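Reading the structure
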Amino acid sequence: MRVMLLSFLAFWLRAFLVNGVFVEEAFETDWHLESLGHYECVLESPEQGALIILSSIDSKTLVSLVNETNGQLLHRQLWGSKTSDAMMLPDSNHYLLRDYDGKISVFDSSSGLQTTTYDASNVEFVSACDPKLTDVKVTTHSLQVLEAESKLEVLRVNVSSTLDTVVFFSTDYSSIVKVLYSTTDGKYVYQSLKNNEMLKEWIREDLNGEVIAHTFINLIDGSLQTISEELATEDAFQNVWEAYVFRVTTNWGRLRETLRESGYSIGKVLTKLMKLDSDAFGADPDVVFGLAKLLVVATDRSVIEAFDVQNGKKVWRFDCGLKVVLLDYAEESNELRVFSKDGSYEIYDLSDAYSPQLKTQTSFDGGNVKSISSLKSNEFFVEFESGEEQVIFIGGDREKLGDTFITNHDSNGVYGHIVNKDGLLKETWKIELLDSEELVAFASRHEEPTATLGQTLGDRSVLYKYLYPNLAAYVTLNSQKGKMFVNLIDTVTGELLYSQSHDDKVDGDAPINIVFGEYWFVYSYFSAEPIPEQKLVTVELYESLEANKRVSNAVRKSNVLMRSHKPKVISAAYFFPEVIRRMTVSKGKFGITSKAIIMELESGQITYLAKEILSARRVEESKMTDDAKKEFMAMPYISTIPLNDQFIITHSRNLLMGQNSQLVSVATNLESTTIVCDIGHDIFCTKIYPSGQFDIMSPDFEKGKLLATIIGLVILCYFLRPSVEAAKLKKLWLVR
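Parameters at a glance
Residues numbered from 1 in each chain as written. Predicted model: local features only at pLDDT ≥ 70, side-chain atom pairs only at ≥ 80, totals over all residues. Heavy atoms only, no water. Helix = DSSP H or I, 4+ residues; strand = E, 2+ residues; numbered from the N terminus. Buried < 20%, exposed > 50% of the residue type's maximum accessible area, 1.4 Å probe, protein only. Areas by Shrake-Rupley, 256 points an atom, 1.4 Å probe, with all protein chains shown as cover. Lys, Arg positive; Asp, Glu negative; His and termini not counted. Charge placed at Lys NZ, Arg CZ, Asp CG, Glu CD. pLDDT = per-residue confidence, 0-100. Contact = heavy atoms within 4.5 Å. 1 Å grid on protein atoms, 1.4 Å probe; cavity = no way out; pocket = protein on both sides within 12 Å on 5 of 7 lines; lining within 4 Å. Points joined across faces, edges and corners; volume = space filled by probe spheres on them. Nonpolar A, V, L, I, M, F, W, Y, C, P; charged D, E, K, R; others polar. Phe/Tyr/Trp six-rings, centres within 6.5 Å; stacked < 30°, edge-to-face > 60°. Polar contact = N/O pair within 3.5 Å; in protein donor to acceptor, adjacent residues only side chain to side chain. Core = buried A, V, L, I, M, F, W, Y, C linked by side-chain atoms within 4.5 Å.

**A closer look at the overall build of the protein**
When its secondary structure is counted, the protein shows 8 helices and 45 strands. Each principal axis of the C-alpha atoms in the protein carries an extent, and together these give about 125 × 75 × 60 Å. Sorting the 736 residues of the protein into buried and exposed places 46% on the buried side. When the accessible surface of the protein is summed, it comes to about 38,300 Å², and 52% of that surface belongs to carbon and sulfur atoms. Positive and negative side-chain charges in the protein, numbering 73 and 102 respectively, have mean positions lying 10 Å apart.

**Considering the confidence of the model for the protein**
Taken residue by residue, the protein gives an average pLDDT of 86. The fraction at 70 or more is 90%. Within the protein, helix α1 (residues 2–16) has the poorest average pLDDT of any element, 41, and strand β36 (residues 513–516) the best, 97. With pLDDT under 50 throughout, residues 1–27 is counted as low confidence; its partners more than four residues away or in other chains account for 54 contacts. Within the model, the stretch residues 276–281 combines pLDDT values under 50 with 13 contacts to residues more than four positions away or in other chains.

**Concerning empty space enclosed by the protein**
Tallied over the full model, the rule gives 1 cavity of 30 Å³ or more. Each pocket or cavity is described by its volume, and for the largest cavity that value is around 60 Å³. If you trace the largest cavity, you find it lined by Ile-52, Val-63, Leu-65, His-75, Gln-77, Tyr-95, Ser-109, Ser-110, Ser-111 and Gly-112. When residues of the lining of the largest cavity are traced back to their parent elements, those giving at least two are β4 (60–67) and β5 (73–79). Here the lining of the largest cavity is built from residues that sort into 4 nonpolar, 6 polar and no charged.

**With respect to the packing of aromatic side chains**
Following the criterion strictly, the structure yields 21 aromatic pairs and no others. Ring centres of Tyr-345 and Phe-364 lie 5.8 Å apart, and the angle between their planes is 25 degrees; this geometry places the pair in the stacked category. One end of the pair, Tyr-345, is in strand β22 (residues 344–349); the other, Phe-364, is in the loop between β23 (357–363) and β24 (369–376), and 19 residues separate them in sequence. In terms of burial, Tyr-345 and Phe-364 fall into one category: buried. For the ring pair Phe-521 and Tyr-523, a centre distance of 6.4 Å and an interplane angle of 25 degrees mean the geometry is stacked. Given a relative accessible area of 0%, Tyr-523 falls into the buried group.

**Some details on the environment of Asn-644**
Among the secondary structure elements, Asn-644 is positioned in the loop between α7 (626–629) and β43 (662–667). For the pair formed by Asn-644 and Leu-609, sequence separation is 35 residues and the distance between their alpha carbons is 9.1 Å. Here Gln-646 takes part through its backbone nitrogen, which lies 2.9 Å from a polar atom of the side chain of Asn-644.

**Details of the nonpolar core**
Residues Met-484, Phe-521 and Tyr-523 are the most contacted members of the largest nonpolar core, which totals 23 residues. Contributing elements (two or more residues each) for this core: β30 (438–444), β33 (471–478), β34 (483–490), β36, β37 (520–527) and β38 (533–542). The biggest single contributor to this core is β33, with 4 residues. Residues contacting Phe-521, with those up to four places away along its chain left out, are Ala-473, Val-486, Leu-488, Ile-514, Val-515, Phe-516, Val-537, Thr-538 and Val-539. The next biggest cluster of nonpolar side chains, apart from the first, holds 22 residues, and it includes Phe-318, Leu-327, Tyr-348 and Ala-353.

**Brief notes about the layout of surface pockets**
In this structure, the second largest pocket occupies an estimated 820 Å³ of space. As for the second largest pocket, its lining consists of 37 residues, and the residues nearest its centre are Gln-455, Tyr-519, Glu-612, Glu-631 and Phe-632. Residue assignment for the lining of the second largest pocket shows that the elements contributing at least two residues are β31 (454–456) and β38. Broken down by element, the lining of the second largest pocket gets its largest block of residues, 3 residues, from β31. Classifying every residue of the lining of the second largest pocket gives 14 nonpolar, 10 polar and 13 charged.

What follows is the structure in structure tokens.
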């Protein structure tokens, strides 16, 4: 009994040291960086007390209204044309925008909307996009407004030493001066002075350009690094006894330090042990649970910036001077690889994730790069603009790739390659499209943990999933005929495994997307027939459509060049109420959580649907059997999937992402939790929980009372045990 009590006491102590993520913490990572881009023109609207800032996004002009007092963004909207110049009208209630064709449009300053009520035909256009610095002397630390004749200083604005370009300047040459300038570290600074006294000053940190590449960095627990170093030191000892002495000495020193910090008070040490907060031991829960990450982005203006995924705060920034095509983070060596369009690349040491240090700067032969992708930690597949293709090795120990199969694609076809054991690249197959066709979407199956081999049915039987790893699906479109083909292929042999077509007047100007999951793929498109509507189609792959029938061999390793069976396919289509711009699939660390299809909508919102809602096995309610209704998340087939406001993860935000934005999902160490980021002109990040927060404790969970109850019951059982034993013995001797 004493052993049992000691065991429960040990459990009690361990339980108090368990880490938890509370509900409030989980929702703090919802943030949105509303970028204005690179300021091309700035107008002042005194009537509105605002600045009108013009910048570019894709081939359009972004018009932003910013509060002149504090720099807060009031309103943003896209204008369909690209602006070449702008002018504020004398009444300050209207402004003019001129496009590259010379057409002039009038806009209302308060609403930002185009208006036809104001006649600007007789207005002489005077550009306001080039700040007039007449009689202004620019020095390293100041802007000096000079008197026109004497050239004596009238007004002075003390500016940052990092001043780069003045984008807006206004003065009356007597008492008032206003200036907005950019700095070399990517900030925009506004200053307004009257009689050399500062009235208003603010700083905006916008993304300096469009994001063209990104990667994520996992922050490492420093205590784990210390433990690793200690274990490495132990391994270096030749004698086991010396290693044991080192471990005892180290732990004794750690205990003495804990006692010293607690003032040699045993009570304080025990109190520290009893704390629910693991910070008492130096372990950051966000790091332990994989929530602490850095999002590193590269813009088309050669700037690389890192943001804390938890709150969106900028961690560091530098100008690499490269036209970046890929960012890659090597976790094993703590290196950030930056690849450029011209074939050069830089490697940064991230031993300290908050202070990158340039480690290597070199290049590889082949000319300008068309695309580059990572094969393994040190191997990269590079396509050059010349048409040449290579496998490039970067630093560290060269890994044995063995026979590695690579699949790449462009708008004209899909191509297969093999990298042999010597690292040589050879083309093995190719699929070329007709001149009238274009490849518009492509997705391949990625290696992810598989929790179950089959889909459990309502009667407890199993449909076995088709889990062959070397699969890819692509979409081709004949725009003239409005006909679309969706093909599933084997990426090793190029064999066509399944194909289906859509001849319902597919709109080639609308987005077409495809994502690949564990044993299924989902694609979206917009078509005109039978009605103009957005459509979602699910294709599920099984070994057999007969329950409990498994075709693959669970023991024997199969030869990918001699695969014996094709998948059995079930497909279903649904209508969706909004145009889908991009899609991705939620990721979990162990593959237990249900998958979700995350979608960026044309309206600027992001939503997600559980994969079960898009199941290809849904049938009309009249056809559902009693057993079918018992299946997990079973629901009858309904052709239209409504947009549920509760699953709009952007809430009231309106995202401006641009044509080349990327919607990504990143797994954490918590199986329930997935980080979702939309990265483009804006950046938005949040967390979603496709299967609920089953591994996250509520903040009002009373762990102390629960453990006290358990201990009380154990003690009660200890004292009641003799009485129970006596009662049992008495019952055995009872004579009736």
